[in-house]
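Residue-level structural notes
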Amino acid sequence: AEKSERETSAAEKLISIAAEVASCHKCPLARTRTNTVPGEGSPTAEIMFVGEGPGRDEDESGRPFVGRAGKLLDELIASLPMRREDVYIANIVKCRPPNNRDPERAEVDQCSNYLTQQIEIIDPLVIVPLGRHALGWFMPELRITQSNGKIFRNGNRVLMPLLHPSSGLRNPEHMRMLRDGIHNLGDAILEGIRV
Ligand code: URA
């Protein structure tokens with residue numbers, strides 16, 4: 001199908017952000033990364049998933065959520081009325097922190113403008129922060145286990161936080177919560193999201 005003007009323009013803007021990220025040296029993570037991981041998906045996605053930062057597989061491939069947690073995310077997305085290429089998947093930081101440590105405050109502060117721009121361009125119906133660290137960037141007052149699968153308004157944005165898939169892989173109760181949460185996300189999309 002022919003792409004709308006909005007889709008073409010959003011796609012171009014996202015490509016230019018990815019190019020900026022690829023040559024970014026604003027923080028020390030630039031020295032240890034193999035590849036930058038700007039994010040991928042539909043430029044006009046209704047759902048935007050936001051993780052914490054690339055792991056080893058993502059650093060090696062330059063693509064978000066392609067390792068074990070990514071396989072689980074794929075499976076969760078498969079239960080939604082859309083495909084992986086119809087959503088957008090990004091991270092708070094675009095370069096892998098060594099040994100998958102948490103990104104430092106300064107690294108998040110230097111990097112997060114890329115995410116802010118991606119959100120503005122894509123303008124998703126709902127943002128899904130994955131895990132405590134991603135949620136903390138949007139709404140630090142929320143607790144991830146309390147807010148999993150619930151809808152929140154954050155300024156002009158609608159959020160539905162979910163536990164991080166890697167935490168579902170470690171903890172069967174978290175796995176159940178993730179499946180419930182993604183079910184709520186599917187319902188919210190089908191019903192037309194209201195806060
Ligand atoms: N975990 C994340 O938070 N992001 C990825 O891209 C992969 C694993």
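Residues numbered from 1 in each chain as written. Predicted model: local features only at pLDDT ≥ 70, side-chain atom pairs only at ≥ 80, totals over all residues. Heavy atoms only, no water.

As for empty space enclosed by the protein
Following the criterion strictly, the structure yields 1 cavity of 30 Å³ or more and no others. Size it by volume and the largest cavity reaches roughly 100 Å³. The wall of the largest cavity is formed by 13 residues, among which Cys24, Cys27, Arg33, Cys95 and Cys111 lie closest to the centre. Listing elements by their share of the lining of the largest cavity, those giving two or more residues are helix 2 (29–32) and helix 5 (105–122). For the lining of the largest cavity, the element with the highest residue contribution is helix 5, accounting for 3 residues. (1 Å grid on protein atoms, 1.4 Å probe; cavity = no way out; pocket = protein on both sides within 12 Å on 5 of 7 lines; lining within 4 Å. Points joined across faces, edges and corners; volume = space filled by probe spheres on them. Helix = DSSP H or I, 4+ residues; strand = E, 2+ residues; numbered from the N terminus.)

Focus on the packing of helix 4 (residues 68–78) against helix 9 (residues 172–191)
Interaxial distance between helix 4 and helix 9 falls to 9 Å at its minimum, and their mutual angle equals 40°. When the axis of helix 4 is compared with that of helix 9, the two are oblique. Handedness of the helix 4/helix 9 crossing: right-handed. In contact with Leu72, Glu75 and Leu76 of helix 4, helix 9 contributes Met175, Leu178, Arg179 and Ile182. Grouping the constituent residues of the contact of helix 4 with helix 9 by class yields 5 nonpolar, no polar and 2 charged. (Axes fitted to C-alpha atoms, helices over the stretch in contact; angles between N-to-C directions. Parallel < 35°, antiparallel > 145°, perpendicular 65-115°, else oblique. Left-handed = near helix turned anticlockwise from the far one by under 90°. Contact = heavy atoms within 4.5 Å. Nonpolar A, V, L, I, M, F, W, Y, C, P; charged D, E, K, R; others polar.)

Worth remembering: the numbers are spatial, not functional.
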